[in-house]
Amino acid sequence: MNLEDTRDDLLEAMLPHVPFTGWSRQSLDAAAEDVGVSADEALLAFPGGERELAAHYFDWTDRRMIEALDARQLIRLKVRDRVAAVVRTRLEQKAGHKEAVRRLTAFLALPTNAPLGARCTWHTVSEIWYAAGDNATDWNWYSKRGLLLAVYTSTFVFWLNDSSEDHELTWEFLGRRIDDVMRIQGVRSNLDRVVGEMPRALRTLGRVVRGTR
């Protein structure tokens, strides 16, 4: 078994322990016993400790999201529906371990860990856009991710506190937030078109002004 597989196995085995002992060495030791590796081997797999475990959780769930989407024919969907499907899939990856995710959120809310949480969340948002088929390379790359960051984080907080069956209220909330973003995108597109047409409009206005003299 290679190192990446060992890290994945340890992380997955650790999740049931996190609600009781947190993102801690104690949880990692329990996971090591579960998968049959020594505590020293577990430490070698995550030399950065709890912070490295947290970062690997994001990487692991991002990869699982992509794997779960392989069979989906997202390309046939509208952009808003693609994004909704990917965000929903991403959150569903967490559903079996919601309390562990809650403990992780508290861990990343600590001032010393907040930058790590921000970087990992930004990467997740970027992966969601890529999975939805976005290939932007200009400034739209940043604007799209900035808008989706607000959608994803607010939906995540809603999901974390949602006790409705199959999280149906969360998916309704997600749909409303994406609709809000699409309206913003529509306004921005219109603004871009107006700005793009301004040089021609100014030239026309100049000719009119000169013709009235």
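Up top is the structure these notes are about.
Residues numbered from 1 in each chain as written. Predicted model: local features only at pLDDT ≥ 70, side-chain atom pairs only at ≥ 80, totals over all residues. Heavy atoms only, no water.

**Some words on the overall build of the chain**
When you go through the chain residue by residue, the secondary structure sums to 10 helices and zero strands. Within the chain, the proportion of its 213 residues that are buried is 40%. A separation of at least 24 residues holds for 65% of the contacts in the chain among residues at least 6 apart in sequence. (Helix = DSSP H or I, 4+ residues; strand = E, 2+ residues; numbered from the N terminus. Buried < 20%, exposed > 50% of the residue type's maximum accessible area, 1.4 Å probe, protein only. Contact = heavy atoms within 4.5 Å.)

**Observations regarding the packing of helix α5 (residues 49–69) against helix α6 (residues 79–92)**
One can describe the packing of α5 onto α6 by two numbers: an axis separation of 9 Å at closest approach and a directional angle of 130°. Between α5 and α6, the crossing angle belongs to the class labelled oblique. As α5 runs across α6, the sense of the crossing is right-handed. On α6, the residues that touch Phe58, Thr61, Asp62, Met65, Ala68 and Leu69 of α5 are Val86, Thr89 and Arg90. Each residue belonging to the contact of α5 with α6 can be placed in one class, and the counts come to five nonpolar, two polar and two charged. (Axes fitted to C-alpha atoms, helices over the stretch in contact; angles between N-to-C directions. Parallel < 35°, antiparallel > 145°, perpendicular 65-115°, else oblique. Left-handed = near helix turned anticlockwise from the far one by under 90°. Nonpolar A, V, L, I, M, F, W, Y, C, P; charged D, E, K, R; others polar.)

**Details of the pattern of salt bridges**
A side chain of one charge can pair with a side chain of the opposite charge if their charged atoms are brought near each other. Inspection of the entire model under this criterion finds 12 salt bridges. In this structure, aspartate 81 and arginine 80 form a salt bridge, with 2.9 Å as the shortest nitrogen-oxygen distance. Overall, aspartate 81 belongs to the partly exposed group, its relative accessible area being 30%. Close ionic contact of glutamate 92 with arginine 88 constitutes a salt bridge, the shortest N to O distance being 3.0 Å. Residue glutamate 92 and its partner arginine 88 are located together in helix α6, separated by four residues, close to a single helical turn. Via salt bridges that share partners, Glu4, Arg7, Asp8, Glu52, Asp59 and Arg63 belong to a single interconnected network. (Salt bridge = Lys/Arg side-chain N within 4 Å of Asp/Glu carboxyl O.)

**Concerning the nonpolar core**
Among the nonpolar cores identified, the biggest contains 48 residues, and Leu10, Trp23, Tyr57, Val87, Leu104 and Leu148 are the most heavily contacted of them. The element best represented in this core is α5, accounting for seven residues. Non-local contacts of tyrosine 57, meaning those with residues more than four positions away in its chain, are made with Leu11, Leu15, Trp23, Lys94, Val101 and Leu104. (Core = buried A, V, L, I, M, F, W, Y, C linked by side-chain atoms within 4.5 Å.)

**Topic: α5**
The terminal C-alpha atoms of α5 lie 31 Å apart, and with 21 residues this matches the ideal 30 Å at 1.5 Å per residue to within 8%. Every buried residue of α5 is listed here: Leu53, Ala54, His56, Tyr57, Phe58, Trp60, Thr61, Asp62, Met65 and Leu69. (Expected span 1.5 Å × (residues − 1).)

**Some words on the packing of aromatic side chains**
Counting across every chain of the model gives seven aromatic pairs. Consider the rings of tryptophan 23 and tyrosine 57, whose centres lie 5.8 Å apart with planes at 75°: the pair is edge-to-face. In this pair, tryptophan 23 is assigned in the loop between α2 (18–21) and α3 (25–35) and tyrosine 57 in helix α5, connecting sequence segments 34 residues apart. An aromatic cluster is defined as three or more aromatic residues linked by ring pairs; in this entry it consists of Trp23, Tyr57, Phe58 and Trp60. For arginine 64, the ring lying beneath its charged end belongs to tryptophan 60, and the centroid distance is 4.5 Å. In this arrangement the basic side chain of arginine 145 is found over the ring face of tyrosine 130, its NZ or CZ atom lying 5.0 Å from the centre. (Phe/Tyr/Trp six-rings, centres within 6.5 Å; stacked < 30°, edge-to-face > 60°. Lys NZ or Arg CZ within 6 Å of the ring centre and 35° of its normal.)

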